[in-house]
Amino acid sequence: MKNGKWLMAAILLAIVLAILGTTPPRPAPVSAPPAEFSAMRAMGDIERIARAPHPSGSDEHAALRGYLMQRLGGLGLTVRTQNGQFPEGARAALNRRSGAKAERIPLVNVLGLLRGKEPNLPAVALMAHYDSVWGSPAAADDGAGVASILETVRALSLDRDRKRDVLVILTDGEEAGLNGAKMFFAEAGEAGRIGAIVNLETRGGGGKANLFQTSALNGEAARIWAASAPHLAGTSLATFIYSILPNDTDLSVALPRGYAAWNFAFIGRPGLYHSPLATAQNLDRGALQQMGEQTLGLARALTQTSELPGRAPDIVFFDVFGLFVLHYAPWWGWAMLAVAFAGYGMMAMRRLDPPALVGGAVRMLALVVLTGGLLWALNLVSGADGPVNYYDRLAAIPRLQVVALCGSLAVGLALLWRRPDSASGEVGLVLPVWLAGATFQVFAPTAAYVLTVPLLLSGVVALLRGAMPRRDPVLASVIVAALVTGYALLLGYSLMQAVGPVVPMVCLVPLLMAVPVLVPLRRPLPKGAVRGAAAVLLVLAIGIALWVRWDAPAASVAAYDQVRKLGVKG
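What counts, and where the lines are drawn
Residues numbered from 1 in each chain as written. Predicted model: local features only at pLDDT ≥ 70, side-chain atom pairs only at ≥ 80, totals over all residues. Heavy atoms only, no water. Pairing = 2+ DSSP bridges. Helix = DSSP H or I, 4+ residues; strand = E, 2+ residues; numbered from the N terminus. Axes fitted to C-alpha atoms, helices over the stretch in contact; angles between N-to-C directions. Contact = heavy atoms within 4.5 Å. Phe/Tyr/Trp six-rings, centres within 6.5 Å; stacked < 30°, edge-to-face > 60°. Buried < 20%, exposed > 50% of the residue type's maximum accessible area, 1.4 Å probe, protein only. Lys NZ or Arg CZ within 6 Å of the ring centre and 35° of its normal. Core = buried A, V, L, I, M, F, W, Y, C linked by side-chain atoms within 4.5 Å. Disulfide = S-S within 2.5 Å. Salt bridge = Lys/Arg side-chain N within 4 Å of Asp/Glu carboxyl O.

Asks: I'm lost on the sheet that holds strand β4 (residues 166–171) in this one. Help?
Replies: Two orientations exist for strands paired in a sheet by backbone hydrogen bonds: parallel and antiparallel. Strand order across the open sheet formed by 7 strands is β1-β2-β4-β3-β5-β7-β6, with mixed pairing between neighbours. In this open sheet, the two edge strands, each paired with only one partner strand, are β1 (78–85) and β6 (206–214). Each neighbouring strand pair of the sheet contributes to a mean axis angle of 20°, computed without reference to strand direction. Pairing analysis gives 5 bridges linking strand β2 (residues 106–114) to β4, with the strands arranged antiparallel. Each bridged residue has a counterpart across the sheet, and for V110 the counterpart in β4 is L170. The strands touched by helix α6 (residues 179–187) are β1, β2, β3 (123–129), β4 and β5 (194–202); relative to β2, the strand with the most contacts, the crossing angle is about 60°.

This is the structure we're talking about:
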């Protein structure tokens with residue numbers, strides 16, 4: 001099985017799958033059927049929304065509010081505003097960004113109601129914020145969310161079997177501390193009528209639009225989403241990670257009220273976050289299509305059901321390269337680990353070699369420690385050892401992704417390309433991964449699938465190898481290696497977009513996924529060639545890191561920004 005062509009075939013297929021899984025769908029044209037979501041129809045609203053920056057309290061913001069009220073009214077909604085004033089701290093923040101000295105800044109939410117056949121049923125709310133930061137046209141944050149809601153409501157207005165009311169909440173003041181959402185959920189009478197709520201956000205200008213947050217006990221909420229739309233994107237890993245980050249959106253204000261809730265966002269093209277370059281022209285139409293499709297599909301399912309999703313035990317869910325969604329109860333992770341244990345146990349018992357077993361485990365532990373240390377060091381080389389500009393750091397993410405990939409490959413080649421070279425050695429290599437999967441399964445069962453599913457697949461291959469000692473299951477090995485490595489590449493790409501500038505060590509997770517399935521396919525090469533390739537990759541990683549460090553500030557940096565400590569905003 002150790003033939004270079006099989007490894008190359010697996011890697012090439014993995015790259016294709018990773019590209020498929022990170023690419024949003026094609027935008028639907030203006031001529032798409034009226035009942036469907038069309039990104040190109042929604043672009044008409046985005047071009048108006050993003051014609052100029054529209055921070056809260058500005059003349060452009062007031063003009064945009066008038067436009068949105070007119071649009072909602074034209075779609076058949078009953079429209080009103082909810083009025084208040086920005087609190088002192090938020091007003092000071094807005095003044096500091098704009099350089100103004102306003103003593104009062106109006107806080108105005110726009111609310112629209114689309115009636116259903118059974119208005120006594122709890123309503124479905126669609127929420128996004130219509131304010132921008134100072135200096136950004138905000139085509140994505142949150143023009144994409146607002147336009148997605150407008151196009152969704154247009155399509156929903158055509159549904160004759162729509163039971164529930166649809167409440168549109170366009171909040172003000174999100175960029176200065178979620179002020180509009182706080183005012184709405186504290187004071188608006190409509191807040192008591194909501195049964196389910198969908199929030200739309202962005203942090204960037206494109207990429208996959210993912211479900212990244214849900215209400216607690218999300219079993220039913222995740223299942224109705226999984227059955228609601230084409231081109232779904234989202235994972236229970238993302239919802240777990242977001243739950244432990246100190247990040248907030250408008251939905252954070254709503255969740256304590258117990259609604260069934262879903263939060264969607266895209267974070268690709270990260271340099272466009274809060275950027276003066278966040279124009280309609282620079283917005284990824286495919287990202288808008290995916291956000292809108294999921295919003296419409298989910299909203300349509302919610303408005304037509306007689307009973308909204310209730311609280312049910314959390315489940316594991318993830319999209320498979322954007323083609324479909326798998327979901328299951330968390331306890332299945334233990335069954336997957338059991339299959340992997342049995343498969344690798346049978347493989348080891350063919351010819352048990354305890355020193356090789358221990359040696360494989362030591363090599364995997366060394367891989368984790370050295371790769372983690374190298375990624376940390378490379379991040380410091382790239383400029384994270386001192387004050388950094390948050391938005392300039394976001395713009396550097398594509399280069400930081402290459403740094404992480406090259407660094408991980410360099411260590412992997414140096415440690416694993418020639419050894420382990422026996423079945424016991426391979427089993428030893430997998431043992432720390434199995435233990436990591438079991439630890440995940442105990443403490444974060446909805447996130448553990450990133451290790452338990454690959455272990456299941458590779459464990460099945462190990463069972464086949466143990467059962468057929470004279471014939472390697474090459475085809476099965478190549479397919480499993482391609483699937484697991486493709487998902488590992490996709491995951492590493494996504495994790496680096498999300499938190500890479502702060503903790504690039506997250507790349508250890510996809511590394512743990514890919515190594516056990518690739519090692520059996522590798523073909524030993526001369527030691528000098530392996531070391532040379534590792535050295536080239538390491539030099540490339542250091543060179544790109546220094547480029548990030550010494551490069552001039554990106555043109556996309558937010559206009560109001562000052563150099564400050566690196567942070568992450570959701």
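The discussion continues.
Asks: Could you clarify how one ought to interpret the packing of aromatic side chains in this entry?
Replies: Aromatic ring pairs: the centre-centre distance and the angle between the two ring planes describe each pair. Taken as a whole, this structure holds 14 aromatic pairs when the rule is applied. Centre to centre, the rings of F184 and F185 are 4.8 Å apart; their planes meet at 90°, and the pair counts as edge-to-face. When sorted by exposure, F184 lands in the same class as F185, which is buried. Plain terms: the ring middles of F341 and W434 are 5.6 Å apart, the flat faces sit at 55° to each other, and that makes the pair tilted. Here the residue F341 occupies a position in helix α11 (residues 332–349), and W434 occupies one in helix α15 (residues 423–443), the gap between them amounting to 93 residues. By relative accessible area, F341 is classed as exposed at 55%. Above the face of the Y560 ring, R97 is positioned so that its terminal group lies 4.0 Å from the ring centre.

Asks: What exactly am I supposed to notice about the side chain of R399 here?
Replies: Looking at the element boundaries, R399 is found in helix α14 (residues 397–416). Setting aside chain neighbours within four positions, we find R399 in contact with I544, W547, V548 and D551.

Asks: Even after reading the chapter, I still don't get the nonpolar core, so can you show me in this structure?
Replies: Nonpolar side chains in soluble globular proteins generally cluster together in the buried interior. Residues F318, L367, Y449, M513 and V515 are the most contacted members of the largest nonpolar core, which totals 66 residues. For this core, the leading source of residues is helix α17 (residues 474–499), giving 10 residues.

Asks: Where do I start with the pairing of β3 in this structure?
Replies: Side-chain direction in a regular strand flips from residue to residue, so the side chains alternate between the two faces of the sheet. Burial within β3 is extensive, with 7 of its 7 residues counted as buried. Judged by which residues are buried, β3 turns out to be covered on both faces: A123, A125, M127 and H129 on one side and V124, L126 and A128 on the other are all buried. Of the pairings in the sheet, the one linking β3 to β5 comprises 5 bridges and is parallel in character. If you follow M127 over to β5, its bridge partner there is N199. For β3 and β4, the ladder comprises 6 bridges, and the chain directions are parallel. Residue pairing in the sheet places H129 in a bridge with T171 of β4.

Asks: Got a minute to help me understand the pairing of strand β7 (residues 260–268) in this structure?
Replies: Most of β7 sits out of view: 8 of its 9 residues are buried. Alignment of β5 against β7, held across 7 bridges, turns out to be parallel. The residue bridging I197 from the neighbouring strand is A261, located in β7. Direction of pairing for β6 relative to β7: antiparallel, over a ladder of 6 bridges. By the bridge assignment, L211 is partnered in β7 with F264.

Asks: Even after reading the chapter, I still don't get the state of the cysteines, so can you show me in this structure?
Replies: Disulfides are covalent bonds that connect the sulfur atoms of two cysteines. On inspection of all chains with the given rule, the structure shows 0 disulfides. With no disulfide of its own, C507 lies closest to C406 among cysteine sulfurs, the gap being 11 Å.

Asks: What exactly am I supposed to notice about the pattern of salt bridges here?
Replies: Oppositely charged side chains may form a pair once their charged atoms are brought near each other. Summed over the entire model, instances satisfying the criterion amount to 13 salt bridges. With a shortest N-O distance of 2.9 Å, R300 and D159 are connected by a salt bridge. Highlighted residues: R300 in helix α10 (residues 285–304) and D159 in the loop between α5 (143–156) and β4, separated in sequence by 141 residues. Put simply, R549 and D385 hold a salt bridge, and the shortest N to O gap is 3.0 Å. Of this pair, R549 sits in helix α19 (residues 527–550) while D385 sits in the loop between α12 (354–384) and α13 (390–395), and the two are 164 residues apart along the sequence. Residue classification places R549 among the partly exposed residues on the basis of a relative accessible area of 34%.

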